[in-house]
Structures are given as structure tokens and as C-alpha cells.
Amino acid sequence: MPVFKGQNEGKKREESRMLQANNREFNSKFGYPDNTINTSKYNIFNFLPLNLFEQFQRLANAYFLFLLCLQLIPQISSLPWFSTVIPLIVVLSITGVKDANDDLKRHKSDRQVNNRRVQLLVNGRVKEDRWMNIQVGDIVKLENNHPVMADVLLLSSSEPYSVAYVETTELDGETNLKVKQAISITSEMEDNLELLSAFDGEVRCAPPNNRLDKFTGILTYKDNKYLLDYDKLLLRGCTIRNTDWCYGLVIYTGPDTKLMQNSGKSTFKRTHIDHLMNVFVIWIFMLLGSVCLFLAIGHGIWEYRKGFYFQTFMPWEKYVSSSLLSATLVFWSYFIILNTVVPISLYVSVEIIRLGNSCYINWDQKMYYAPRNTRAQARTSTLNEELGQVKYVFSDKTGTLTQNIMIFKRCSINGTFYGTVIDNNGWRMESSENTEKVDFSYNKLADPKFVFYDKSLVEAVKSRDRWVHLFFLSLALCHTVMSEERVEGELVYQAQSPDEGALVTAARSFGYVFRSRTSETILVVEMGQVKVYKLLAILDFNNIRKRMSVIVKTPENRVMLFCKGADTVLSQLLHPSCSSLTETTMDHLDDFASEGLRTLMVAYREIDSGDFKEWSRKHSEACLSLEHRDDKLASVYEEIEQDLLLLGATAIEDKLQNRVPETINTLNKAKIKVWVLTGDKEETAVNIAYSCNIFDEKMDGVFIVEGIERQTLRKELRSARSQINPASLLKTDLGNISSTQKPFKLPEEKPKGSYGLIINGHTMACALEENLELELLRTACLCKAVVCCRMTPLQKAQVVNLVKKYKKGVTLAIGDGANDVSMIKAAHVGVGISGQEGVQAMINSDFSFCQFHFLERLLFVHGRWSYNRMCKFLSYFFYKNFAFTLVHIWYAFYNGFSAQAVYDNWFITFYNLFYTALPVLALSLFDQDVSETWSLYFPELYEPGQTNLYFNRTTFVNCLLHGIYTSLVLFFVPMLTTYHAVRDDGKAIADYQSFSITVQTSLIFVVTMQVALKTAYWTSISHLFTWGSLTFYFCVIFFLYSDNLCLMFPNTFQFLGVARHTLRQPQAWLSIVLTVTLCMVPVITYQFLRPLFWPLKVDKAVSRIRECMRQRPTPLAAPARRKHVKPRRSAYAFSHKQGFGALITSGRTLKSKSSRKSIQSQKKRKGAREPPKEPVIGFVPLVHAM
């Protein structure tokens, strides 16, 4: 059976993977890659040619290389070669050094990873080797707290029945442990090296893919076949926890691992300003060609009509045979002389500005996270100004918005509210670090990290209140937590969801300690007394039931059912006598929900022994049913879960990262739309959305779209849109446009209110597959916020690409796990949260930091400043070069269109490199229109970037017109003022060189005054660079035009003594002052009148800031506590999923290791019925972010 399939390109695509354990010779036939990771681009041999090839793929670099070649042709060269080659070498060198430095970092990181040590099984012995040497089919030994180096099939472990605990922080950002379990046939090998070395099983499985939650395969061993699934695979990036050792068979290595498959292919990201700048450069090239053609035609006409009479004084060169040929040569001469309209120094300056603004991010102490000693990091220097234009933020939930740490915060027991802090005056107050904590010293087994502030609950526990007793007993019994006690009194809970861990920990701290369990019993220490409860049944949780129950027999031989679940479900199962208590509890749940807490209801009932026996018989029949088993079990569960007595409710805080709600609120004020893309279930995602202020109670509505058929989904989307904006349905129907048609941008539509949208992964897949993507996008973009739940990594990237394709806004994706990498790479800007151990999101991001709230500062301070600075720089740079270059056009009418330059060659060379470089760099690196405090306080200041208000086509045309006006003044004012002027000795001063130095000195003054006028924030460096450049200019021209230098190199320095003679003439200074005045007065007038007559929204905000600065600052009012004003919503968000109850009752994780062999021997001796070779339901993650 073929494993690879040929393709047209001559390459082979892997259709399925086949391998044999401990047989490298067999596995080498398939050409599987080794475990080496290579993320670098260059090596010592290919760096120079490859880097130069990449750099010359830039249109600008290729253009200047072509220009240099033209300048080497003497017949058309109107400027010396060094005027182009020096800037070109500088640009190529700076970019090359930067690329080499970035690649060296990648090489260093690769070496560190590839040289990590691993224990490899070779010839019956375990020896140390490097990660890079691991191959498919090898058997490796993994130890506690060690990372997994490849995707490995679990064979056996030190834990009972070969269970292994893994932490997947690096993959999905979740800190709760996941459990993997080996198949029974391999678990029997344990750590027997002889058996492991003899193991020759063959595995056929799916080819490498990026599905972190999917794996299918078949193990063939001793003529038997065993099914393999995701629960038996240890992924690269996981860390082994609470497992002394385990052995595994390597399935995928290196680039084939799921971790690396999710890393995807890096793409070079360019900013919107880059694309716009490229368009303008093309426009300039077209303008340049047109002007050169016009001037060449003018030269041809002039040569044809008048040039003949000048041949006596200015004879044609031998190679010039006609005016047509002369005009052709002049065309290329003007092409060279006018190239300064887009100088190569533009790209050097852009790189320097971006590098400087990136350093500001790296140096920002306010984005430094002390607990992890981690700074914010700009991992690329090409996207800074893009941070100032973000319109859509796509965020992961777990580990990004939340810390994935659950804290027992409040509870309601028998109608009594617990968890508030009361001061001495009886007023409710917020808890803080200084608030006195509850003393749990009466309970030696209490969790030392558990904190609670309401002493009344402890008093109720100590007084043995019946309802409090039942409440905490329910929390101690109704769960699927595993307990581990390696040191006496030090309990470690292995919970598959952090919610359960928080509830069991709370019960433990208050005196109801879940200590251990077997498949048939649960041991609880109740206020110091050890009690054993017989576990009769676990009614497992699933997303339909939204509850779980346990049935136990108490030490007093009473059969009790304890249940916890969503209030919307559990309230329907309560006994009618609980109606009054239910109403009170619901009010408490409203309070919990308004605080963004995750809630569960808790109830119980006592069951008659006879009734339980009858129910147990039905339950056994349902379990053994081969058809509709799940439906029958649900029916049996529902039969027993009736007439429950309400105990109360719990409120757990899914601890958000610091200042997340405030950050979301600021983003909303800046009209940035926040979409949450998460793999969590709907209830959890929505609950967090409310906690974070992504959704709020004041919204006009939240739509849940869940259709999985085309017609149903289309109807739901249109129904939502008809309420959000009825007029949008009257417009042209874009919903059926094929995605294969030419891309276009959807227009912005305004909603009639504030709405939210909730959509799941199955519905998203339907929308993308059934050509409803535009219907979905139009509806989603009308909403204030969108929550997409149950999303796979691929779907996250698809959503980002959908918005990028059809909307004009800049997208930003932020996440912390490997499952966010594709989304981070797809967005215009990718931000990685540096997790506790996860680094995949960070190393694949453009920017990284530790806390979500740093995003606020990244966008509104660094991003906005970078965008404003870059826009000022570009508009000024184009203006100053238009003014500088277009003077040649007006001069052409007076020199026979001969391509003679107005300026000295050295002035042309130094103009952009030295004379005008530093002032504009000071503007672009230090300018601030408002301080960082006001930038954060007035988010509306961010809006101009979203519409690209400061640099667009209109701005470019204005720069061109301004440059044309300035060039006209620069040329004609000096010419007219000095045309008939004479010096003190009666000699004329209207010679070419004097005119040239007058024009260029006027130009330097004009552009310097322009940059000073644009500068809003002056620093000592700004003053030094701006006014120092003027001083530098005069020092240089007096040096270059000095007698000694010109006499030593007469062919290179030809302006002998011109500066000294011209600049001491009052006529020259009169011309300079008049030129500067005529150039500056219109600009000053416009800047004064525009805010008065044509104010922008940002102008109004700046006026408010100035008004605030003139007044005494007033303290900000404390935010009011959110009140619940809308109809009650459930705050239920339990991150549990079906699958663990069956494993507990099977006993597969609960036997002691010492008894494993005795159990197996007893089975052989007594002929005991063995359990199925594979568990029907294994221990799988209950919280899994796709």
C-alpha cells in the first residue's frame, strides 16, 4: 500500500504514515525528516547572494541600481556616480546587517533547542542523545518535568495503568493538567527494557497535520490491531508532570510535529503605509517619465530651432548626429538629474525611524512585567505605524484575557449570601491586600494558598449548620478530581477543569477535605473526622445536560444524590417546595453574574434504597445497550435527577489578567472592535466576554447564530441584520458573490444600536463552505463585539483572513498558545503573550509582552506616535524633495533644456544624506502631539490612524502642489532679485554659481523652518538636530568651496570661493529672507485657520486637552459598580466535558502501583473478567482550546 502519492510538480505528498518501532532501516525508506528544527533563512555561504537578491526585489533598490548603471554612461550622465552609489551601499549595508542579526538569533535559538538532551532506547539500553538525532520509530524515555521533544505515542508509564499527566501551556495556554493513557497491550511492558527493545509494532496513521486535537491510527502488533487516538499521543511542546517516567514511540519529528505544523510559513508583512508609499513611488516614476519626456521634447525643439546657431560656441559631441538623438540622450540625463524626487535615503530613513520606535517599545518600563522579569519586545521593526491603525482586535481567551486561574469568590447557601466584606460600620467594601483574611488554622489540611474574607461562613461551618454541611459535602463528593498525597498532609488535586479544582479546594479549606478515592469509594475528612462514602454511580457531565451528579451511600447507609450544574437547567429539576429559596438564590445569581463570576447551582436528594435498585437496573441496561446508548443514558439520568432540594450556588472568578476590562473599554472608545476567538464552549466564552466588558448589560441585544445548514444560517444572519440595521437588507445583496471573484472591500455600515454576536465553529464552517462568508461578515461587522467559540486554529486564521480580505481596517491578533500561531501570522499585526512556559505564540509574533493590558499602551502610545511620526516624516520628505527637484524644471526653460543642474553636485549628494536628514529624524523619533497620559485618556485621538487621515492620496497631492509652489518661489525670487544686481565693486552677481548657492541656501532655510513648524514637542536633541543642521550646512559649504580644496581638486570641487563672496552680499540675503517669507506665510496662515474653520475631531480633543492643562486637574470619579438592569442571564460557565466519569468507575487510574502485578496475577488465577482492552471513554482534557 503506497504511503506517498506523486504530484505534477514532481514532489511527493504523504498520504498516510507507516512506521515500525525500533527499526530505523525500515523507517528510513520513507524519507521522514529527523528532529532538527531549522527556522533560519541564511547560512555563511548563501547570505550575501540571497540577501542581495531579496533586497533587489524591492522596486526602489532595483530602480537605483538601474540609475547607477545609467550614471556610468558618460554620454548621458548629468551627475557623478558617487551621488547614487554611496546612498545605495549605505542602504544595502544597513538592511543586510539587520537581516544578518535577526538570522543569527534564529540560529542561536535553533541550536539551543536541537541540542537538548533526551534518553533514547538503543539495543536494550537507555542512553543520552540530542533532540536533533531522534528519528521516527525510536523509543524514548521521558521523565517528570521534562518537555516532550516530538509527537510520541505513549507506550507505558510509572503511573497506574500507564496514565501520564501533561501540561499543555505551550500549546493552548492552559495550565490545568491533561491526562493521557497508553493502550493496554503496551502498558504491560512498563519499564522492562527487554520488552521495550523487542517491541516491533507497526503504526499506520494520518500524515502530518496541524490539528492539535486530532490523531487517528492503527497499531499492528502480534497480528492484532489496536485503534489509536488523540488521548494516546504526547505532543511536542507538552511537559510531563506528576509522572516519574514514561516511554513512547516517536511518530512525528521536527517539521512534521503538530507544534511546527501550526507554526506555518512565515510571510513578510508590509504595512498599509508601505503599500501606499509604493503606489506613490509608481506615481512619481510616471510623473518623472512624463516630465523627462516633456523636457526632452523641449530640448529637441530648442536644438532644432536655436541650437544650430550655438554650435560655434557649443559644438555637438561627435556621437550626436541630430537634434532627435540629442533629445533622446537628454531624456536619460534628466531621468538621472530628477531622480532625487524619490531619493534612496527615503528608505534608509524609514528603516532608522522604525528601528528607533521599536527600541522605544523594548525600553518601555511601563510594559515591563516584574513577576517574570520580562520586557515588551518588538520582534519586527517594520510594523510600528501599523499599530496606530488597528480597527479589529482578534483575541484568544484562555491565557490571554484570563489567567486560567479559578478562585472561589462567593456562594449562596440556603438563601444566605456569603463572600462579601463588611467594614466596621456595616458597609460592604471591596477586598484588598490589606483586608483581613479568614483564619483556617482549625483545619490542618486546608490549602495554604486559599483566601476568603467572609468570616460568617467559617462561623456557620463551625456551628455545624445543616445546610452548610450538605453544601460543602456536595462540593467534596460531586466531582471527578484525582487526589495525590506523596507527603503526609500535602494534597495535590489533579482536576481536568480548573472550575472543579477551585470548588474542591474551597470545600477542603472550609473543613470538608476530599482526600482520596477508589473506583468504589470516596474518602472525605469532615471537620477532622474521616468518613468513607460508597460511590454508587457517576452521572457524567456533557454539554447537553449541563450538569453532573454522583450517587453515594453515606456511612449511615443513606443513599444520596448530589448534583451541580447550570442554573437554567437545575432550576427545572427542583422540588416545588424550593420555589421561595429558588427565587432568593436567583437574585444572588444575578449579583454573581453582574460581577462576571461563573456560577453553578448545587442540589441534592435522598433516594429510597428500593427505588435506587430499580434505577440501577435500568442504568445497567442502558450502559450495555448497543443502539442509542447516549440517549438511553440521558433518559435514565433524568429519571433520577428529579425533585431535587436546592442547597445553594457557587460563584467562581475566572481570574482575568490585570486591567483587562479597562483595556477593552478603552479599545471600544477608540472604535476598535474586539472579537474573541476561542476553543472554549459557548457558556465559558460568553461569561468571560461579560467579565471583560466585551459584552455589557446595556447592549440592545446579543444574537446567537448556530445554524449548520445554509438556509437556516442565512435566515439567522439576515434576521439579526434586520434588527441591527434594517437598511442594510435593502442594499445590493452581496451574500451570494463567489469568493473566486476579484476581491473587493465592503463599505462601512452603521448599526442602529449596540449589539453582540455569538457564533460557534460548526456554524463558522458552514458559512465558509456554503458561500455565506459575506453574509456572516456583514452581520458581524455591524456588531460591537463578536465571540466565536469552539474554534479550531485553522478557523481562527480563516476568520482573520476573511476580515482582511473584505474590510479596509488593520487587523491585530493576540494569543498565547501554539493554537493561536496561525491567527497571529494571518493578521496584519501579531502579538504574542509571553506565558509561564509557552513560547510558540511569542516566537511567531511581531510584538510580545506578558499582560493583555499592555496592548492599550502598545496601540495608543507607541502605535499612535509611530503612525503620526511616520505620516509627518513622509509628507515632509516628499515635500522637501519635490521642492528640491522641481527647480530643475523651471531652470530648464533658461538653459536650453540641457539637463544642467541648478545645484552643485556635492549639494545634491549631501542634501538628503546630511543637510536635511537629522531634522526630519528628530521629528520622526521624538515628536509627540500630546503626552502618553493624554493619549490613553482620550482614545478618540487614535481614530485618525484607522482612516489613514494623515497620509493618503489627498495628502500626497497636497505635498506635490506645495512642493511645486515652493520650487517656483525658490527659483524665480532669487533670479528676479539678483538678475540686474551688482556688488559693491560694480560687478554683476547674477552668475550661475552665485545663483546656485543662493537657491540652495534658501532651500535649506525653507525646509528647516518647515520641519520646525511641524514639530509639536521640542527636546534638546530636536533643537540640536534642527538648528545644528543649518550650522553644519554653512560649515560644509565654506569647506567645500574653500580656495585650498578647489585648487587641489579642481575637477571635483568647482565652486571656488563662491560661498565666501556670495553670502556677504546683502542682495543675496534679501533674496533668501524674501524666499523664506513667501514660502512660510501661506503655511502658517493655513495652520492657524484650519482648526478654526475646518476642525477635525482630533482637533477638538486636542483643544480639550489644552483646556484641561490650563485648569487644575480634577480626580477621576471611581467607576460605579455595574448594576444588572436587563433580564437575568445565566452566568453558568463550567469548563467540563464528558468523558471522565467512566474512567473513574472503571478503576483504571486508581489502583496503587505496588498492586498492579498482583491484580494481573489474580486475574490469571481466578479467571476474572478483564475489562475491555481499550476504555470506552478515556481520561481526556475537559478544557480544550482548539
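Quick caveat: nothing in here was measured; it's all calculated off a predicted structure.

1. Remarks on the overall build of the protein chain
Now for step 1: The number of helices and strands found in the protein chain is 41 helices and 37 strands.
Now for step 2: Put simply, the protein chain has 1186 residues, and 56% of those count as buried.
Now for step 3: Considering only intrachain contacts with a sequence separation of at least 6, the fraction spanning at least 24 residues in the protein chain is 75%.

2. What about the nonpolar core?
Now for step 1: In this structure, Y334 and L346 are the most contacted members of the largest nonpolar core, which totals 104 residues.
Now for step 2: At 12 residues, helix α27 (residues 854-885) tops the list of elements feeding residues into this core.
Now for step 3: Excluding anything up to four places from it in sequence, Y334 contacts C292, L295, A892, N895, F897, S898 and A899.
Now for step 4: Ranked by size, the runner-up nonpolar core spans 58 residues in total, among them C411, A476, C478 and Y1132.

3. Focus: the packing of helix α9 (residues 272-305) against helix α10 (residues 323-337)
Now for step 1: Two numbers describe how α9 lies on α10: the axes approach to 8 Å, and their chain directions differ by 145 degrees. Seen along the crossing, α9 lies across α10 with a hand that is right-handed. Contacts from L288, G289, C292, L293, L295, A296, H299, G300, E303 and Y304 of α9 reach α10 at S323, S326, A327, V330, F331, Y334 and F335.
Now for step 2: Looking at the contact of α9 with α10 residue by residue, the class counts come to 11 nonpolar, five polar and one charged.

4. Comments concerning the sheet that holds strand β28 (residues 559-565)
Now for step 1: Taken in spatial order, the nine strands line up as β19-β18-β30-β29-β28-β27-β26-β25-β24 in an open sheet, and their pairing is antiparallel. Each having just a single partner strand, β19 (416-418) and β24 (512-517) make up the two edges of the open sheet. Between one strand axis and the next, the sheet turns through 30 degrees on average, direction left out of account.
Now for step 2: Bridge analysis of strand β29 (residues 598-607) against strand β30 (residues 645-656) gives seven bridges, and the strand direction is antiparallel. Bridging across to β30, Y604 finds its partner in L645.

5. Brief notes about the side chain of R598
Now for step 1: Tracing the sequence through the fold places R598 in strand β29.
Now for step 2: At a separation of 2.8 Å, a polar atom in the side chain of R598 contacts the side chain of D499.

6. Details of the pattern of salt bridges
Close approach of charged atoms allows side chains of opposite charge to pair.
Now for step 1: For the coordinates displayed, the defined rule picks out 40 salt bridges.
Now for step 2: In this structure, R1104 and E940 form a salt bridge, with 3.1 Å as the shortest nitrogen-oxygen distance. On the criterion of sequence distance, the pair formed by R1104 in helix α39 (residues 1097-1110) and E940 in the loop between α31 (932-937) and α32 (943-946) is long-range, its members being 164 residues apart.
Now for step 3: Residues joined in a network through salt bridges with shared partners are D364, K366, R857 and E932.

7. Structural notes on the sheet that holds strand β31 (residues 673-677)
Strand pairing in a sheet relies on backbone hydrogen bonds, with the paired strands running either antiparallel or parallel.
Now for step 1: An order of β16-β37-β36-β35-β17-β31-β34-β33-β32 is seen for the nine strands of this open sheet, with the pairing classed as mixed. Two strands close off the open sheet at either side, each with one partner strand: β16 (377-378) and β32 (701-705).
Now for step 2: The pairing of β32 with strand β33 (residues 755-760) spans five bridges and is classified as parallel. By the bridge assignment, I704 is partnered in β33 with I758.
Now for step 3: Packing against the sheet, helix α22 (residues 761-769) makes contact with β32, β33 and β34 (785-789), and its axis sits at approximately 90 degrees to β33.

8. Describing the environment of G817
Now for step 1: Along the chain, G817 turns up in the loop between β35 (810-815) and α25 (821-826).
Now for step 2: For the pair G817 and T398, spaced 419 residues apart in the sequence, the C-alpha separation amounts to 9.0 Å.

9. Topic: a nonpolar patch on the surface
Now for step 1: Taken together, I282, W283, M286, V957 and L961 make up a surface patch of nonpolar side chains, about 470 Å² in accessible area.
Now for step 2: Those elements that provide at least two residues to the nonpolar patch are α9 and α33 (953-978).
Now for step 3: The greatest single-element share of the nonpolar patch, amounting to three residues, is contributed by α9.
Now for step 4: Along the chain, L961 turns up in helix α33.

10. Here's the deal with helix α29 (residues 905-915)
Now for step 1: Of all the 11 residues making up α29, eight are buried; the element is thus mostly covered by neighbouring parts of the structure.
Now for step 2: Along α29, the residues classified as buried are W906, F907, I908, T909, F910, Y911, N912 and Y915.

11. Description of unusual backbone geometry
Now for step 1: The phi dihedral of N22 is positive, around 60 degrees, even though this residue is not glycine.
Now for step 2: Mapped onto the elements, N22 comes out in the loop between β3 (17-20) and α1 (24-27).
Now for step 3: Of note in the backbone geometry, R790 takes a positive phi value of approximately 55 degrees without being a glycine.

12. A word on the environment of L104
Now for step 1: Tracing the sequence through the fold places L104 in helix α4 (residues 82-114).
Now for step 2: A residue is classified by how much of its surface remains accessible, and L104, at 56% relative accessible area, is exposed.

13. Overview of the confidence of the model for the protein chain
Now for step 1: With 87% of its residues at a pLDDT of at least 70, the protein chain reaches an overall mean of 83.
Now for step 2: Ignoring residues within four places in sequence, the model shows residues 1114-1126, a span with pLDDT below 50, making 16 contacts including any to other chains.
Now for step 3: Counted against residues more than four places away or in other chains, residues 1151-1186, with its pLDDT under 50, gives 84 contacts.

14. A word on the state of the cysteines
Now for step 1: Scanning all chains against the criterion turns up zero disulfides.
Now for step 2: The thiol sulfur of C478 is not disulfide-bonded, and the nearest other cysteine sulfur, from C563, lies at 6.3 Å.

15. Overview of the environment of L491
Now for step 1: Inspection of the secondary structure assignment puts L491 in strand β23 (residues 490-494).
Now for step 2: A residue is classified by how much of its surface remains accessible, and L491, at 9% relative accessible area, is buried.
Now for step 3: L491 sits 17 residues away from R508 along the chain, and the two C-alpha atoms are 9.8 Å apart.
Now for step 4: Excluding residues within four positions of it along the chain, L491 makes contact with S483, E484, E485, R508, V513, F514 and R515.

16. Focus on the packing of aromatic side chains
Now for step 1: For the coordinates displayed, the defined rule picks out 75 aromatic pairs.
Now for step 2: Between F452 and F510, the aromatic rings sit 5.3 Å apart at their centres with planes inclined by 80 degrees, giving edge-to-face as the arrangement. Within this pair, whereas F452 is found in the loop between β21 (428-429) and α12 (455-462), its partner F510 is found in helix α14 (residues 498-510), the two being separated by 58 residues in sequence. For the pair formed by F452 and F510, the shared burial category is buried.

17. Brief notes about helix α20 (residues 682-691)
Now for step 1: The element α20 is extensively covered by neighbouring structure, given that nine of its 10 residues are classed as buried.
Now for step 2: In the stretch just after α20, N693 is the one whose phi turns positive, near 70 degrees.

18. Remarks on the side chain of D256
Now for step 1: Topologically, D256 is positioned in the loop between β15 (245-252) and α8 (258-263).
Now for step 2: Among the polar contacts made by the side chain of D256, one reaches the side chain of R17 at a distance of 2.8 Å.

19. What about the pairing of strand β4 (residues 117-122)?
Now for step 1: Where β4 and strand β5 (residues 125-130) come together, six bridges link them in antiparallel fashion. By the bridge assignment, L121 is partnered in β5 with V126.
Now for step 2: Between β4 and β5, which pair antiparallel one after the other, the connecting turn spans two residues, and N123 there sits at a positive phi close to 50 degrees.
Now for step 3: Here β4 pairs with strand β6 (residues 139-143) via two bridges, running antiparallel. Among the inter-strand pairings, Q119 is bridged to a residue of β6, identified as K141.

20. Here's the deal with the packing of helix α19 (residues 660-669) against α27
Now for step 1: Running from N to C, α19 and α27 point in directions that differ by 25 degrees, and their axes come no closer than 9 Å. Of the possible angle classes, the one that applies to α19 and α27 is roughly parallel. In this structure, α19 meets α27 at a crossing whose hand is left-handed. Taken together, the residues of α27 that come into contact with α19 (itself represented by E662, T663, T666 and L667) are L855, E856, L859 and F860.
Now for step 2: The residue makeup of the contact of α19 with α27, split by class, is four nonpolar, two polar and two charged.

Cut-offs used in this document
- Residues numbered from 1 in each chain as written.
- Predicted model: local features only at pLDDT ≥ 70, side-chain atom pairs only at ≥ 80, totals over all residues.
- Heavy atoms only, no water.
- Helix = DSSP H or I, 4+ residues; strand = E, 2+ residues; numbered from the N terminus.
- Buried < 20%, exposed > 50% of the residue type's maximum accessible area, 1.4 Å probe, protein only.
- Contact = heavy atoms within 4.5 Å.
- Core = buried A, V, L, I, M, F, W, Y, C linked by side-chain atoms within 4.5 Å.
- Axes fitted to C-alpha atoms, helices over the stretch in contact; angles between N-to-C directions.
- Left-handed = near helix turned anticlockwise from the far one by under 90°.
- Nonpolar A, V, L, I, M, F, W, Y, C, P; charged D, E, K, R; others polar.
- Pairing = 2+ DSSP bridges.
- Polar contact = N/O pair within 3.5 Å; in protein donor to acceptor, adjacent residues only side chain to side chain.
- Salt bridge = Lys/Arg side-chain N within 4 Å of Asp/Glu carboxyl O.
- Patch = residues over 30% accessible without salt bridge, like charges linked within 9 Å, V, L, I, M, F, W, Y side chains within 5 Å.
- Areas by Shrake-Rupley, 256 points an atom, 1.4 Å probe, with all protein chains shown as cover.
- pLDDT = per-residue confidence, 0-100.
- Disulfide = S-S within 2.5 Å.
- Phe/Tyr/Trp six-rings, centres within 6.5 Å; stacked < 30°, edge-to-face > 60°.
- Parallel < 35°, antiparallel > 145°, perpendicular 65-115°, else oblique.

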